[in-house]
Amino acid sequence: MPLKLGVNIDHVATLRQARFATMLESPNAEPVLLDLAKEAVNGGADSLTIHLRADRRHIQDRDVTVICEANLVPVNFEIGNTEEIIQIAIAHKPAFVCLVPEIREEITTEGGLNVVSQRGELQETIKRLQGAGIQVSLFIDPDAPQLEASKELGAEMVELHTGAYANAANSGNERQRLINGATLGHKLGLQINAGHGINSSNIAELYHVPYLTEFNIGHHLISRALTVGLHHAVAEMRELMDAYPG
Ligand code: PXP
């Protein structure tokens, strides 16, 4: 199976909010999120990721409706585990929800969701989302206790946090952690995705990580789009990803 590419378009909304946060109804409000979503899909995005944060710093509630109703490709809705946002997820029924940490207490030292310390709260949320027909992913560090807890709670998928790998001066150890994590996750029967900090320079080293289904990439693609356009930036990344041995 070819590796899938999920494109995170939050930064398109970041740019719009920088100028139009108080004028979202203005016909001048730009960039238009749906236009860029279409460009990403035309460039080869297999899914679109949007993160509705509690503080609404980039994606707004209306964006969630527009992107979900456009039905271009499956939507991966990133959210923190809070009642208000869970209700929005259930109302919109995206294909996937990826639960991510938003407040300090939920975060491991590496930055993934601390599933081990929050089993109770997460178990209930996962059940509710799945009951609404939404598949659930947990954004975690590639460590055995987090993987085992994710499986125990019934998540279909995990997204392995590649931030430590992307930021390491010597990435060998972090790459090995990802290899071990993906191998264990696969053995447990979890779908393995990966994301954070992936770019065209560090992606090839990640091809040593087995059993990957999807990469989620945002910052690099939106940055590259400033030079070549989002359609082209996504198409370039897709082409690089064809080298994944599968
Ligand atoms: N995966 C998750 C769970 C994220 O929260 C983000 C955005 O921070 C990404 C992937 C994409 O990361 P980046 O923007 O560094 O490519």
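Residues numbered from 1 in each chain as written. Predicted model: local features only at pLDDT ≥ 70, side-chain atom pairs only at ≥ 80, totals over all residues. Heavy atoms only, no water.

Draft legend 1. Quick look at the pattern of salt bridges. All told, the structure shown has 11 salt bridges when counted by the stated rule. Between aspartate 61 and arginine 56 there is a salt bridge, with the nearest N and O atoms lying 2.5 Å from each other. Look at aspartate 61 and you get partly exposed, because its relative accessible area is 32%. On the basis of relative accessibility, which here comes to 17%, the residue arginine 56 falls in the buried class. For arginine 56, the salt bridge is made with glutamate 84, and the minimal N-O distance between the two is 2.6 Å. Highlighted residues: arginine 56 in the loop between strand S2 (47–51) and helix H3 (61–70) and glutamate 84 in helix H4 (residues 83–92), separated in sequence by 28 residues. What you see here is one network of salt bridges that share partners, running through Arg56, Asp61 and Glu84. (Salt bridge = Lys/Arg side-chain N within 4 Å of Asp/Glu carboxyl O. Buried < 20%, exposed > 50% of the residue type's maximum accessible area, 1.4 Å probe, protein only. Helix = DSSP H or I, 4+ residues; strand = E, 2+ residues; numbered from the N terminus.)

Draft legend 2. Structural context of the side chain of glutamine 146. By the secondary structure assignment, glutamine 146 is in helix H6 (residues 144–152). Reaching out from glutamine 146, the side chain makes a polar contact with the backbone nitrogen of valine 115 at a distance of 2.8 Å. Ignoring any residue separated from it by four or fewer positions in sequence, one finds glutamine 146 in contact with Thr108, Leu113, Asn114, Val115, Val116, Ile140 and Asp141. (Polar contact = N/O pair within 3.5 Å; in protein donor to acceptor, adjacent residues only side chain to side chain. Contact = heavy atoms within 4.5 Å.)

Draft legend 3. Just the site of the ligand, in detail. All residues in the neighbourhood of the ligand are listed as Asn8, Glu78, Val100, Phe139, Glu159, Gly195, His196, Gly197, Asn216, Ile217, Gly218 and His219. The contact in question runs from an oxygen atom of the ligand to an N or O atom on the side chain of glutamate 78, over 2.9 Å. At a separation of 3.3 Å, an oxygen atom of the ligand approaches a polar side-chain atom of histidine 196. With the chains in place, 86% of the 390 Å² that the ligand exposes on its own is no longer accessible. Split into classes, the residues belonging to the shell around the ligand amount to 3 nonpolar, 7 polar and 2 charged. (Near = heavy atom within 4 Å. Areas by Shrake-Rupley, 256 points an atom, 1.4 Å probe, with all protein chains shown as cover. Nonpolar A, V, L, I, M, F, W, Y, C, P; charged D, E, K, R; others polar.)

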